[in-house]
Amino acid sequence: MFSSFEVFSLVSVYVLKFVVVLNHFFPFLSNFQNATNLFVAARNASASTTNLRDVLSDLIPKEQTRIKNFKQQYGKTNIGQITVDMVYGGMRGMKGLVYETSVLDPEEGIRFRGYSIPECQKLLPKAPGGEEPLPEGLFWLLITGQVPTEEQVNWVSKEWAKRAALPSHVVTMLDNFPTNLHPMSQFSAAITALNSESSFARAYSEGVHKSKYWEFVYEDSMDLIAKLPCIAAKIYRNLYREGSSIGAIDSNLDWSHNFTNMLGYSEPQFTELMRLYLTIHSDHEGGNVSAHTSHLVGSALSDPYLSFSAAMNGLAGPLHGLANQEVLVWLTALQKELGGEVSDERMRDYIWNTLKSGRVVPGYGHAVLRKTDPRYTCQREFALKHLPNDPMFKLVAQLYKIVPNVLLEQGKAKNPWPNVDAHSGVLLQVRCHSSLWSCHLRNHRWKASLTVFSPCVQYYGMTEMNYYTVLFGVSRALGVLAQLVWSRALGFPLERPKSMSTDGLMTLVGAKSG
Ligand SMILES: CC(C)(COP(=O)(O)OP(=O)(O)OC[C@H]1O[C@@H](n2cnc3c(N)ncnc32)[C@H](O)[C@@H]1OP(=O)(O)O)[C@@H](O)C(=O)NCCC(=O)NCCS
């Protein structure tokens, strides 16, 4: 049947035609012209409605039909071959998932609904006076495929501000975690505990029809995204700011601005950095560990809280999101061993030592990408613009010249180029403030802090590296939850690929065992 938007569109077209005919035969009825204009305006307003749920209600039936027709016509078409290497090799390159919100090209990097990062930076609405895209706009783009208007983005900011409050049991739980529990474990546990609020779980237990699943997944996803900065800020304050209050949400501020306020950072440029950070970490197509995990767990009809917390446990792995922490740990150790200004030669030796000791160089390599990650590039551009003389940035830039050659020389890594994590930590912890005379330098042992006095101190001040993956997690919600809404709207089934034993595989290909 027709959605409310379609009914409105049809009615308005016929009324419009009627008014035009009336005007033609009775030109003296000039006020009908005004009526015409009014109707056109009303129709446009509806077409650009700010209510995201209405926009989805319009889009979903069309997409369901498109995919149904596609499957009917091409459902049995072969789309690739699977080799034994692929089965043992972490399923690299197997096309086995449908994921709508973004696609990763090995050479070009990520495209969010077809838009590259530079295009998103150009097209998506910004905060007043800001230059970086608002993550709200990226979420709108990911979930609808449409570049939003400023009004639509404002609507999302307000909606998330409205839904941000945490239930008391989650606050109590966070306040009672021991300080040696990693921030990512706290984050994931708090998200799991939030499922007491799941409208999807409630509706399912009450027997809701499957055609309505997406509506509840949408509501849960909006609630969860709204609450994540509060959870993340609470963890930060508890661990690094003596449990001080995160303060109140300001419904006139955007999501990132509220987040940086709750974290306790008032520097406008840090908020701009956060907008960029939360935008670019949001999505990286469907096969990466966090996206794939939420997709898999969601396919069991676990609610968005359970699906997303599972994703966060994957993001907490050092080969995935935790690499942004690992990079800073590695850089700090490098500085400690080699001192401030490092020659290229000594840096090369240090990298080789890392490799020879059987470790990876964090922040380099990728399972899909075969070029420098554009998420690295845009962070580098931010650094070149705002902190070109920062010593840590210079170190990162120097590594960019040296690490790829070493990895190529070693000849193992398929991609020797930097990924997103090679840069993010450095941006978070530093910024040159020539007028600033004192700051806290916190080392990565969580609570230890040292006050230093200097005429030129590098300072954004988020030096708590163990926390960085939490920021990644807040951002990742935008992509994987947008997809989760579509997964339920499109009725994706329980995920259940076929596994094989080695003996079974050998028999399959006719190999002699042993
Ligand atoms: C991202 C990553 C896990 C991809 O893994 P992958 O798809 O298996 O990568 P490759 O196919 O290129 O790996 C081939 C070999 O090169 C090694 N390699 C890849 N990247 C490497 C790196 N940065 N440093 C050292 N060795 C690396 C792998 O460990 C593997 O070694 P092995 O044959 O002894 O097992 C890998 O590049 C890595 O560990 N990078 C460092 C961690 C990191 O930055 N993670 C964040 C990713 S966004």
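In this text, all values refer to a predicted model and were calculated from it rather than measured experimentally. (Residues numbered from 1 in each chain as written. Predicted model: local features only at pLDDT ≥ 70, side-chain atom pairs only at ≥ 80, totals over all residues. Heavy atoms only, no water.)

Next up on the list: the packing of aromatic side chains. Applying the stated criterion across every chain, the model contains 13 aromatic pairs. Pairing F70 with Y74 gives two aromatic rings, centres 5.7 Å apart and planes at 45°, and the pair type is tilted. Taken as a pair, F70 and Y74 lie in helix α3 (residues 52-74) at a separation of four residues, close to a single helical turn. Judged by relative accessible area, which is 53%, F70 ranks as exposed. Its relative accessible area of 45% is what places Y74 among the partly exposed residues. With a centroid separation of 6.2 Å and 85° between ring planes, the pair formed by Y240 and Y467 is classed as edge-to-face. Residue Y240 is found in helix α11 (residues 213-240), and its partner Y467 is found in the loop between β7 (457-458) and α21 (468-489); the two are separated by 227 residues along the sequence. With a relative accessible area of 1%, Y240 lands in the buried category. (Phe/Tyr/Trp six-rings, centres within 6.5 Å; stacked < 30°, edge-to-face > 60°. Helix = DSSP H or I, 4+ residues; strand = E, 2+ residues; numbered from the N terminus. Buried < 20%, exposed > 50% of the residue type's maximum accessible area, 1.4 Å probe, protein only.)

Our next topic: helix α6 (residues 135-144). Burial runs high along α6: 10 of the 10 residues are buried. Within α6, burial applies to P135, E136, G137, L138, F139, W140, L141, L142, I143 and T144. G145 occupies a position one or two residues after α6 and carries a positive phi of about 80°.

As a matter of local geometry, the ligand sits amid 19 residues, with R92, G363, Y364, K412 and K414 nearest to it. Between an oxygen atom of the ligand and a side-chain N or O atom of R92, the distance comes to 2.9 Å. Interatomic distance of 3.3 Å between a backbone N/O atom of A413 and an oxygen atom of the ligand. For the ligand, the accessible surface in isolation is 840 Å², of which the surrounding protein chains cover 74%. (Near = heavy atom within 4 Å. Polar contact = N/O pair within 3.5 Å; in protein donor to acceptor, adjacent residues only side chain to side chain. Areas by Shrake-Rupley, 256 points an atom, 1.4 Å probe, with all protein chains shown as cover.)

F187, F259, F308, L331, M462 and Y467 are the most contacted members of the largest nonpolar core, which has 122 residues in total. Among the elements that make up this core, the one with the highest residue count is α11 (17 residues). Here L331 is in contact with M392, L395, V396, L399 and V426, once residues within four sequence places are set aside. (Core = buried A, V, L, I, M, F, W, Y, C linked by side-chain atoms within 4.5 Å. Contact = heavy atoms within 4.5 Å.)

Overall, the predicted model of the chain reaches an average pLDDT of 87, with 85% of residues at or above 70. Here residues 1-47 is modelled with pLDDT under 50, and outside its nearest four sequence neighbours on either side it reaches 29 contacts, counting other chains as well. (pLDDT = per-residue confidence, 0-100.)

In this section: the pattern of salt bridges. In this structure the tally under the stated criterion is 20 salt bridges. A salt bridge links K234 to D175; the nearest nitrogen and oxygen atoms lie 2.9 Å apart. Here K234, found in helix α11, pairs with D175, found in helix α8 (residues 168-176); they are 59 residues apart in sequence, far enough to count as distant. Take K234: its relative accessible area is 12%, and that puts it in the buried class. Shared partners join several salt bridges into a network, and the residues in it are R53, E159, K162, R163, K212, E215, E219 and D223. (Salt bridge = Lys/Arg side-chain N within 4 Å of Asp/Glu carboxyl O.)

Take the packing of helix α18 (residues 374-386) against helix α19 (residues 391-410) next. One way to put it is that α18 packs onto α19 with a least axis distance of 11 Å and a crossing angle of 140°. Comparing their axes, α19 and α18 come out oblique. Pair α18 / α19 crosses with left-handed handedness. Contact residues: α18 offers Y376, R380, A383 and L384, while α19 offers F393, V396, A397 and Y400. Within the contact of α18 with α19, the residues separate by chemical class into seven nonpolar, no polar and one charged. (Axes fitted to C-alpha atoms, helices over the stretch in contact; angles between N-to-C directions. Parallel < 35°, antiparallel > 145°, perpendicular 65-115°, else oblique. Left-handed = near helix turned anticlockwise from the far one by under 90°. Nonpolar A, V, L, I, M, F, W, Y, C, P; charged D, E, K, R; others polar.)

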